[in-house]
Amino acid sequence: MGFLSRLSVRSKFLLLVSIPLAALFMLEVQNTWNQWRSLDEITTAEALVTLSAANSVLAHELQKERGMSAGFLGSGGKAFAQQLQQQRQDTARAVDRWLDMLVNYGHLPAANELSVVQSALRALATRRQGVDSLQASLPDTLGFYTGIIGQLLATPAKASEQVAEGDISRLLQAYYNYLQGKERAGIERAVLSNAFASDGFSAGLYQKFVRLVSEQDAFFNNDMLFTSQAQRQLFEQFLQSSEQQAVAEFRQVAHAKSASGGFQRSAEQWFAASTQRINRLKQLENGFAAFIIDAVKQRHGAILTFLLYSLVVSTLGIALAIAFASWIAKLMLQQIQSLHQGLGSAGKQLDLTTRIDVLLDDELGETAQSFNQMMHTFEDLICKLERVARQLM
């Protein structure tokens, strides 16, 4: 307290004003920092969602090549020979577009996964040679393509990790589950292409087919838990579509003759039906991705607007607080200085004509008025005493 008691009134005023202003400033800095982090998170998520859509385009072509490669191997090179060559060209164009796009996304959290994909794509030519020569095994071929596709489709999960916003995170989780369900549909296409081409299931292939159908249902059900009502309705319509029913008929044949073979269905017929179904899923996926990108952009705009609004309001608020506090302090200091000077003049010089300017209407101003009234009373009393003394003399 000794330190404070020795401070001038001006210093005490500065100390009194600076403490709450400093606290207010720190709160605004913290709020701005939190908003900036949210903006950075949603910006990263927006880029990752855009990247996810681009990854899905490449994955879609790789899924078709995987399915045709499986059918080609199952038929001993008799099925899908021409279609596979054309599909490889489509895949090559998709890879070129993807690599061109990737230049802008090397800084994202998914960079490691994308690097793995690039390395795997460089081995694609060697893998194709193994398929063409019928030296590649079905498990190795499926595993190679599925590994690349899995890395491509993992990006939405990365995006959901970047976002603290509950609604956006749930949509990204739904999108991830949807892509995984669609990927299982692609693997199912490859598995049954091989089975129908060889007119029977090889060891363990039927169990894989059954598991893939179950996994599709699980992933799509999880998607329905997190997605929007509009997307849920679109998917329910898909479940009643002719594409879905056509695939269901092929599945029934596969189940019924899983042990004996003799499906009486060609791999090309199955591939066409399954591809129509997957293309329908792709259409829904494109709409879903556009919906998420729009939602993320809206949230990005809202956060940016709020951040700018907060900066403007906080800056104006602090500036006004400083200006108002300075104005009030200046008026009070002027009144206090006037009181100090007036009291000092009256006390040292015994000048009863001393008057203090009344600058305020508050307690300080009333004190100045009282002082002036007192000095007027003293001056009047002294004048009366002087008159009486002169009369007595």
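Residues numbered from 1 in each chain as written. Predicted model: local features only at pLDDT ≥ 70, side-chain atom pairs only at ≥ 80, totals over all residues. Heavy atoms only, no water.

Caption draft 1: Expanded view of the nonpolar core. One finds Leu58, Trp98, Leu121, Ile148, Leu152, Phe235 and Ile292 to be the most contacted residues of the largest nonpolar core, which totals 52 residues. Where this core is concerned, the elements lending two or more residues are α2 (9–74), α3 (81–102), α4 (111–122), α6 (138–152), α8 (166–198), α9 (205–226), α10 (229–239) and α12 (267–349). At 11 residues, the largest contribution of residues to this core is made by α12. In terms of nonpolar packing, the next biggest core, distinct from the first, is built from 31 residues, Ala79, Ala136, Phe209 and Val213 among them. (Core = buried A, V, L, I, M, F, W, Y, C linked by side-chain atoms within 4.5 Å. Buried < 20%, exposed > 50% of the residue type's maximum accessible area, 1.4 Å probe, protein only. Helix = DSSP H or I, 4+ residues; strand = E, 2+ residues; numbered from the N terminus.)

Caption draft 2: The arrangement of the environment of Leu212 in detail. By secondary structure assignment, the location of Leu212 is in helix α9. When its relative accessible area of 3% is taken as the criterion, Leu212 is described as buried. Taking the C-alpha atoms as reference, Leu212 lies 127 Å from Leu392; in sequence the two are 180 residues apart. In contact with Leu212, other than residues within four places in its own chain, are Arg184, Ile187, Glu188 and Val191. (Contact = heavy atoms within 4.5 Å.)

Caption draft 3: Representation of unusual backbone geometry in the model. One non-glycine residue with positive phi stands out, namely Phe80, at about 65 degrees. Of note, Phe80 is situated in the loop between α2 and α3. The exposure class assigned to Phe80 is buried, which follows from its relative accessible area of 3%. Not every positive phi belongs to a glycine, and Gln264 is a case in point at roughly 60 degrees. Following the sequence through the fold, Gln264 ends up in the loop between α11 (242–256) and α12. A relative accessible area of 69% places Gln264 in the exposed class.

Caption draft 4: Broad picture of empty space enclosed by the protein. All told, the structure shown has one cavity of 30 Å³ or more when counted by the stated rule. Taken as a whole, the largest cavity holds about 60 Å³ of empty space. Around the largest cavity, the lining residues are Tyr178, Asp223, Met224, Thr227, Gln231, Leu234, Phe235, Leu284, Glu285 and Phe288. Of all elements in the fold, only α9, α10 and α12 reach the threshold of two or more residues within the lining of the largest cavity. The residue makeup of the lining of the largest cavity, split by class, is six nonpolar, two polar and two charged. (1 Å grid on protein atoms, 1.4 Å probe; cavity = no way out; pocket = protein on both sides within 12 Å on 5 of 7 lines; lining within 4 Å. Points joined across faces, edges and corners; volume = space filled by probe spheres on them. Nonpolar A, V, L, I, M, F, W, Y, C, P; charged D, E, K, R; others polar.)

Caption draft 5: View of α11. With 15 residues, α11 should reach 21 Å at 1.5 Å per residue; the first-to-last C-alpha distance of 21 Å fits that figure. Among the residues of α11, those classed as buried are Gln244, Val247, Phe250, Arg251, Val253 and Ala254. (Expected span 1.5 Å × (residues − 1).)

Caption draft 6: Expanded view of the side chain of Glu285. Counting through the fold element by element, Glu285 comes out in helix α12. For Glu285, a relative accessible area of 1% translates into the label buried. Once residues lying within four places of it in the same chain are set aside, the contact partners of Glu285 are Ser56, Tyr175, Tyr178, Leu179 and Lys182.

Caption draft 7: Region of interest: the packing of α9 against α11. Close contact between α9 and α11 brings their axes to 11 Å; oriented N to C, the two are set at 145 degrees. Of the two possible hands of crossing, α9 and α11 adopt the one that is left-handed. Residues Tyr206, Phe209, Val210, Val213 and Gln216 of α9 form the contact with α11, whose own contacting residues are Arg251, Ala254 and His255. (Axes fitted to C-alpha atoms, helices over the stretch in contact; angles between N-to-C directions. Left-handed = near helix turned anticlockwise from the far one by under 90°.)

Caption draft 8: Region of interest: the confidence of the model for the protein chain. In this model, the protein chain carries an average pLDDT of 85, and 94% of its residues clear a pLDDT of 70 or more. Element-level mean pLDDT values for the protein chain span from 63 in helix α1 (residues 2–6) up to 95 in α11. (pLDDT = per-residue confidence, 0-100.)

Caption draft 9: Spotlight on a nonpolar patch on the surface. On the surface, a cluster of nonpolar side chains totalling about 300 Å² of accessible area is made up of Phe25, Met26 and Val29. In this fold, Met26 is placed in helix α2. (Patch = residues over 30% accessible without salt bridge, like charges linked within 9 Å, V, L, I, M, F, W, Y side chains within 5 Å. Areas by Shrake-Rupley, 256 points an atom, 1.4 Å probe, with all protein chains shown as cover. Salt bridge = Lys/Arg side-chain N within 4 Å of Asp/Glu carboxyl O.)

Caption draft 10: Seen up close, the environment of Phe271. Considering the arrangement of structural elements, one finds Phe271 in helix α12. Among the residues examined, Phe271 registers a relative accessible area of 6% and is labelled buried. Residues Phe271 and Phe80, 191 residues apart in the sequence, show an inter-C-alpha distance of 9.7 Å. Dropping the residues within four chain positions of it, Phe271 is found in contact with Lys64, Gly67, Met68, Phe80, Arg189 and Ser193.

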